[in-house]
Amino acid sequence: MQLHQASWPEVEAYLKRSKGIVIPIGSTEQHGPNGLLGTDAICPEVIAKEAGDEAGFLVGPTFNVGSAQHHLAFPGSITLRPTTMIAAVNDWIDSLVRHGFTRIYFFNGHGGNIAPVNAAFSESYSAYSLDGEACPYQLKLENWFTLPGVQTLVRELFPEGEGGHATASEVSVTYYAYPDAQKQVEMSPKIAPTGPIRDAADYRRRFPDGRIGSDPSQATPEKGAKLVAQAKRAMIADVKAFFEGQA
(Lines give C-alpha, C1' and ligand atoms only; values in the text may rest on other atoms or scores of the structure.)
Protein backbone atom coordinates (compact mmCIF):
# COMPACT_ATOMS: atom_id res chain seq x y z
CA MET A 1 0.00 0.00 0.00
CA GLN A 2 1.42 3.36 -1.07
CA LEU A 3 0.44 6.46 0.89
CA HIS A 4 0.36 8.58 -2.27
CA GLN A 5 -2.04 6.14 -3.91
CA ALA A 6 -4.34 5.82 -0.90
CA SER A 7 -7.29 7.91 0.22
CA TRP A 8 -7.50 9.25 3.75
CA PRO A 9 -10.22 6.73 4.74
CA GLU A 10 -7.90 3.92 3.59
CA VAL A 11 -5.09 5.28 5.76
CA GLU A 12 -7.51 5.63 8.67
CA ALA A 13 -8.51 1.97 8.21
CA TYR A 14 -4.84 0.91 8.00
CA LEU A 15 -4.12 2.62 11.33
CA LYS A 16 -6.69 0.39 13.00
CA ARG A 17 -4.54 -2.65 12.23
CA SER A 18 -1.02 -1.15 12.19
CA LYS A 19 0.73 1.90 13.60
CA GLY A 20 3.81 1.44 11.43
CA ILE A 21 4.95 3.19 8.26
CA VAL A 22 8.08 3.05 6.10
CA ILE A 23 9.57 6.24 4.66
CA PRO A 24 12.16 5.74 1.88
CA ILE A 25 14.80 8.43 2.13
CA GLY A 26 17.59 9.20 -0.29
CA SER A 27 19.27 11.94 -2.29
CA THR A 28 19.42 13.64 -5.67
CA GLU A 29 23.09 13.70 -6.65
CA GLN A 30 25.47 12.66 -9.38
CA HIS A 31 26.34 8.98 -9.64
CA GLY A 32 29.05 8.98 -12.26
CA PRO A 33 28.68 8.98 -16.06
CA ASN A 34 26.22 6.07 -16.24
CA GLY A 35 24.40 6.44 -12.90
CA LEU A 36 21.05 8.16 -12.43
CA LEU A 37 20.89 11.28 -10.30
CA GLY A 38 18.05 9.76 -8.33
CA THR A 39 19.97 6.57 -7.49
CA ASP A 40 20.01 6.99 -3.72
CA ALA A 41 16.27 7.64 -3.64
CA ILE A 42 15.32 5.04 -6.27
CA CYS A 43 17.07 2.15 -4.48
CA PRO A 44 15.19 2.35 -1.16
CA GLU A 45 11.99 3.32 -2.97
CA VAL A 46 11.84 0.25 -5.22
CA ILE A 47 12.86 -2.13 -2.42
CA ALA A 48 10.32 -0.62 -0.01
CA LYS A 49 7.53 -0.77 -2.58
CA GLU A 50 8.10 -4.44 -3.35
CA ALA A 51 8.45 -5.27 0.34
CA GLY A 52 5.34 -3.30 1.26
CA ASP A 53 3.31 -4.92 -1.51
CA GLU A 54 4.33 -8.38 -0.31
CA ALA A 55 4.08 -7.83 3.45
CA GLY A 56 1.19 -5.37 3.54
CA PHE A 57 2.79 -2.43 5.31
CA LEU A 58 2.27 1.21 4.36
CA VAL A 59 5.02 2.99 2.43
CA GLY A 60 5.10 6.78 2.46
CA PRO A 61 6.40 9.16 -0.20
CA THR A 62 10.13 9.17 -0.78
CA PHE A 63 12.16 11.89 0.90
CA ASN A 64 14.30 12.28 -2.21
CA VAL A 65 16.59 15.26 -1.53
CA GLY A 66 19.14 14.82 1.23
CA SER A 67 22.51 16.03 2.44
CA ALA A 68 24.77 16.07 -0.61
CA GLN A 69 26.75 19.33 -0.56
CA HIS A 70 29.95 17.72 -1.82
CA HIS A 71 28.26 16.71 -5.09
CA LEU A 72 27.24 20.23 -6.12
CA ALA A 73 30.09 20.64 -8.63
CA PHE A 74 28.20 18.16 -10.85
CA PRO A 75 25.11 19.49 -12.69
CA GLY A 76 21.76 18.26 -11.44
CA SER A 77 22.79 17.56 -7.86
CA ILE A 78 20.52 19.09 -5.20
CA THR A 79 21.17 19.34 -1.48
CA LEU A 80 19.62 20.39 1.80
CA ARG A 81 21.62 22.05 4.53
CA PRO A 82 21.90 19.72 7.54
CA THR A 83 19.76 22.09 9.61
CA THR A 84 17.10 22.19 6.88
CA MET A 85 17.06 18.42 6.62
CA ILE A 86 16.78 17.97 10.37
CA ALA A 87 13.83 20.37 10.46
CA ALA A 88 12.12 18.69 7.50
CA VAL A 89 12.52 15.17 8.91
CA ASN A 90 11.04 16.36 12.20
CA ASP A 91 8.07 17.88 10.38
CA TRP A 92 7.44 14.54 8.66
CA ILE A 93 7.68 12.76 12.02
CA ASP A 94 5.33 15.23 13.74
CA SER A 95 2.78 14.94 10.92
CA LEU A 96 2.76 11.14 11.03
CA VAL A 97 2.61 11.01 14.83
CA ARG A 98 -0.32 13.44 14.72
CA HIS A 99 -2.29 10.80 12.80
CA GLY A 100 -1.43 7.99 15.20
CA PHE A 101 1.68 6.34 13.72
CA THR A 102 3.95 5.12 16.51
CA ARG A 103 6.58 3.15 14.53
CA ILE A 104 8.27 5.20 11.81
CA TYR A 105 10.94 3.36 9.82
CA PHE A 106 13.19 5.52 7.64
CA PHE A 107 14.69 3.36 4.88
CA ASN A 108 17.83 5.05 3.63
CA GLY A 109 19.87 4.94 0.43
CA HIS A 110 22.47 7.67 1.05
CA GLY A 111 25.33 7.63 3.53
CA GLY A 112 25.32 11.41 3.85
CA ASN A 113 21.83 11.25 5.37
CA ILE A 114 22.83 9.16 8.37
CA ALA A 115 24.17 11.98 10.57
CA PRO A 116 21.34 14.50 9.96
CA VAL A 117 18.60 11.88 10.30
CA ASN A 118 20.02 10.63 13.59
CA ALA A 119 20.27 14.25 14.73
CA ALA A 120 16.61 14.72 13.78
CA PHE A 121 15.71 11.67 15.85
CA SER A 122 17.59 13.08 18.84
CA GLU A 123 15.78 16.38 18.49
CA SER A 124 12.42 14.64 18.20
CA TYR A 125 13.00 12.57 21.33
CA SER A 126 14.45 15.49 23.27
CA ALA A 127 11.10 17.27 23.53
CA TYR A 128 9.79 14.37 25.62
CA SER A 129 13.00 13.91 27.61
CA LEU A 130 13.08 17.58 28.58
CA ASP A 131 9.43 17.47 29.65
CA GLY A 132 9.97 14.25 31.59
CA GLU A 133 7.37 12.37 29.55
CA ALA A 134 7.59 8.97 27.89
CA CYS A 135 7.79 9.31 24.11
CA PRO A 136 4.77 7.57 22.54
CA TYR A 137 6.54 6.65 19.30
CA GLN A 138 9.74 4.99 18.10
CA LEU A 139 11.95 5.91 15.14
CA LYS A 140 14.40 3.76 13.21
CA LEU A 141 16.90 4.41 10.43
CA GLU A 142 18.08 1.49 8.31
CA ASN A 143 20.18 1.48 5.14
CA TRP A 144 19.21 -0.87 2.33
CA PHE A 145 22.87 -1.66 1.68
CA THR A 146 23.57 -2.76 5.28
CA LEU A 147 20.64 -5.17 5.57
CA PRO A 148 21.64 -8.79 6.32
CA GLY A 149 22.98 -10.63 3.30
CA VAL A 150 23.18 -7.63 0.98
CA GLN A 151 26.93 -7.04 1.19
CA THR A 152 27.63 -10.76 0.88
CA LEU A 153 25.68 -10.77 -2.38
CA VAL A 154 27.41 -7.57 -3.53
CA ARG A 155 30.80 -9.24 -3.10
CA GLU A 156 29.61 -12.26 -5.08
CA LEU A 157 28.27 -10.14 -7.93
CA PHE A 158 31.11 -7.61 -8.00
CA PRO A 159 34.34 -9.08 -6.63
CA GLU A 160 36.22 -6.10 -8.07
CA GLY A 161 35.18 -2.52 -8.73
CA GLU A 162 32.21 -2.16 -6.40
CA GLY A 163 33.71 1.01 -4.96
CA GLY A 164 32.36 3.61 -2.56
CA HIS A 165 30.25 5.90 -4.74
CA ALA A 166 28.42 5.32 -8.03
CA THR A 167 28.78 1.66 -7.13
CA ALA A 168 28.00 -1.22 -9.43
CA SER A 169 25.38 -2.51 -6.98
CA GLU A 170 23.35 0.67 -6.63
CA VAL A 171 23.43 1.37 -10.36
CA SER A 172 22.23 -2.20 -10.93
CA VAL A 173 19.24 -1.64 -8.66
CA THR A 174 18.27 1.51 -10.58
CA TYR A 175 18.61 -0.32 -13.90
CA TYR A 176 16.31 -3.02 -12.54
CA ALA A 177 13.81 -0.33 -11.53
CA TYR A 178 14.14 1.64 -14.79
CA PRO A 179 15.62 -0.57 -17.52
CA ASP A 180 14.88 2.02 -20.19
CA ALA A 181 17.20 4.48 -18.41
CA GLN A 182 20.35 2.37 -18.80
CA LYS A 183 23.43 4.31 -20.01
CA GLN A 184 26.26 2.89 -22.07
CA VAL A 185 29.30 5.03 -21.31
CA GLU A 186 33.02 4.36 -21.71
CA MET A 187 34.82 5.23 -18.46
CA SER A 188 38.53 5.71 -17.88
CA PRO A 189 40.14 4.45 -15.77
CA LYS A 190 37.98 1.35 -15.59
CA ILE A 191 38.06 1.43 -11.79
CA ALA A 192 37.97 4.96 -10.41
CA PRO A 193 40.47 6.23 -7.83
CA THR A 194 39.69 6.44 -4.12
CA GLY A 195 40.32 9.15 -1.56
CA PRO A 196 38.73 11.52 0.93
CA ILE A 197 35.63 13.63 0.40
CA ARG A 198 35.79 17.33 1.25
CA ASP A 199 33.98 20.26 -0.38
CA ALA A 200 32.35 20.20 -3.80
CA ALA A 201 35.24 21.76 -5.72
CA ASP A 202 37.76 19.38 -4.17
CA TYR A 203 35.50 16.41 -4.98
CA ARG A 204 35.29 17.38 -8.66
CA ARG A 205 39.06 17.84 -8.81
CA ARG A 206 39.85 14.46 -7.23
CA PHE A 207 37.08 12.48 -8.95
CA PRO A 208 36.40 14.26 -12.26
CA ASP A 209 33.70 11.83 -13.48
CA GLY A 210 32.08 11.48 -10.05
CA ARG A 211 32.96 7.85 -9.30
CA ILE A 212 34.92 6.77 -6.22
CA GLY A 213 36.68 3.40 -6.45
CA SER A 214 33.98 1.92 -8.67
CA ASP A 215 33.42 0.30 -12.05
CA PRO A 216 29.66 0.71 -12.56
CA SER A 217 29.91 -0.51 -16.15
CA GLN A 218 29.32 -3.95 -14.55
CA ALA A 219 25.77 -2.94 -13.61
CA THR A 220 22.86 -4.88 -15.14
CA PRO A 221 19.12 -5.10 -14.40
CA GLU A 222 19.52 -8.83 -13.71
CA LYS A 223 22.06 -8.20 -10.96
CA GLY A 224 19.80 -5.47 -9.64
CA ALA A 225 16.91 -7.94 -9.43
CA LYS A 226 18.99 -10.24 -7.24
CA LEU A 227 19.95 -7.37 -4.95
CA VAL A 228 16.36 -6.17 -4.64
CA ALA A 229 15.17 -9.69 -3.83
CA GLN A 230 17.75 -10.11 -1.06
CA ALA A 231 17.16 -6.64 0.38
CA LYS A 232 13.38 -7.14 0.25
CA ARG A 233 13.54 -10.36 2.25
CA ALA A 234 15.79 -8.83 4.88
CA MET A 235 13.75 -5.63 5.04
CA ILE A 236 10.44 -7.43 5.58
CA ALA A 237 11.92 -9.26 8.58
CA ASP A 238 13.43 -6.06 9.97
CA VAL A 239 10.27 -3.99 9.53
CA LYS A 240 8.10 -6.70 11.06
CA ALA A 241 10.33 -6.89 14.14
CA PHE A 242 10.32 -3.11 14.52
CA PHE A 243 6.58 -2.74 14.08
CA GLU A 244 5.98 -5.50 16.64
CA GLY A 245 8.33 -3.87 19.17
CA GLN A 246 11.02 -6.54 18.94
CA ALA A 247 13.73 -4.27 17.54
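See the structure shown above.
1. Quick notes on the overall build of the protein
Then, in step 1: In terms of helices and strands, the protein carries eight helices and four strands.
Then, in step 2: On C-alpha atoms alone, the protein measures out to a radius of gyration of 18 Å, which is about the 18 Å that the 2.2 N^0.38 rule sets for 247 residues.
Then, in step 3: Structurally, the protein occupies a C-alpha span of about 55 × 35 × 30 Å along its principal axes.
Then, in step 4: Put simply, of all contacts in the protein between residues at least 6 apart along the chain, 75% involve residues at least 24 apart.
Then, in step 5: Here the protein displays about 11,500 Å² of accessible surface, and carbon together with sulfur accounts for 53% of that area.

2. Looking at the sheet that holds strand β1 (residues 20–25)
Sheets are built from strands paired through backbone hydrogen bonds, the pairs being either parallel or antiparallel.
Then, in step 1: An order of β2-β1-β3-β4 is seen for the four strands of this open sheet, with the pairing classed as parallel. With one partner strand each, in any of the chains shown, β2 (58–59) and β4 (138–143) form the two edges of the open sheet.
Then, in step 2: Bridging between strand β3 (residues 103–108) and β4 involves six bridges; their strand directions are parallel. Note on β4: the bridge partner recorded for phenylalanine 106 is leucine 141.
Then, in step 3: Contacts between helix α8 (residues 221–243) and the sheet are confined to β1, β3 and β4, with β3 contributing the most and set at about 155 degrees to the helix.

3. Thoughts on the nonpolar core
Then, in step 1: Membership of the largest hydrophobic core comes to 53 residues, with the highest contact counts inside it found for Val22, Phe57 and Met235.
Then, in step 2: If one sorts the elements of this core by residue count, α8 sits on top with nine residues.
Then, in step 3: Residues contacting valine 22, with those up to four places away along its chain left out, are Ala48, Phe57, Leu58, Val59, Gly60, Tyr105, Phe107, Met235, Val239 and Phe243.

4. What to know about the packing of aromatic side chains
The geometry of two aromatic rings is summed up by the distance between their centres and the angle between their planes.
Then, in step 1: Tallying each qualifying case throughout the model produces 12 aromatic pairs.
Then, in step 2: Each ring, one from phenylalanine 63 and one from tryptophan 92, has its centre 5.0 Å from the other, and the planes form 50 degrees; the classification is tilted. On the criterion of sequence distance, the pair formed by phenylalanine 63 in the loop between β2 and α3 (82–99) and tryptophan 92 in helix α3 is long-range, its members being 29 residues apart.
Then, in step 3: Its relative accessible area of 6% is what places phenylalanine 63 among the buried residues.
Then, in step 4: Ring geometry for phenylalanine 106 versus phenylalanine 121: centroids 5.6 Å apart, planes at 55 degrees, classification tilted. Placement of phenylalanine 106 in strand β3 and of phenylalanine 121 in helix α4 (residues 114–131) is noted, with a sequence separation of 15 residues between them.

Procedures and definitions
- Residues numbered from 1 in each chain as written.
- Predicted model: local features only at pLDDT ≥ 70, side-chain atom pairs only at ≥ 80, totals over all residues.
- Heavy atoms only, no water.
- Helix = DSSP H or I, 4+ residues; strand = E, 2+ residues; numbered from the N terminus.
- Rg over C-alpha atoms; globule rule 2.2 N^0.38 Å.
- Contact = heavy atoms within 4.5 Å.
- Areas by Shrake-Rupley, 256 points an atom, 1.4 Å probe, with all protein chains shown as cover.
- Pairing = 2+ DSSP bridges.
- Axes fitted to C-alpha atoms, helices over the stretch in contact; angles between N-to-C directions.
- Core = buried A, V, L, I, M, F, W, Y, C linked by side-chain atoms within 4.5 Å.
- Buried < 20%, exposed > 50% of the residue type's maximum accessible area, 1.4 Å probe, protein only.
- Phe/Tyr/Trp six-rings, centres within 6.5 Å; stacked < 30°, edge-to-face > 60°.

Read these as geometric descriptors, not functional statements.
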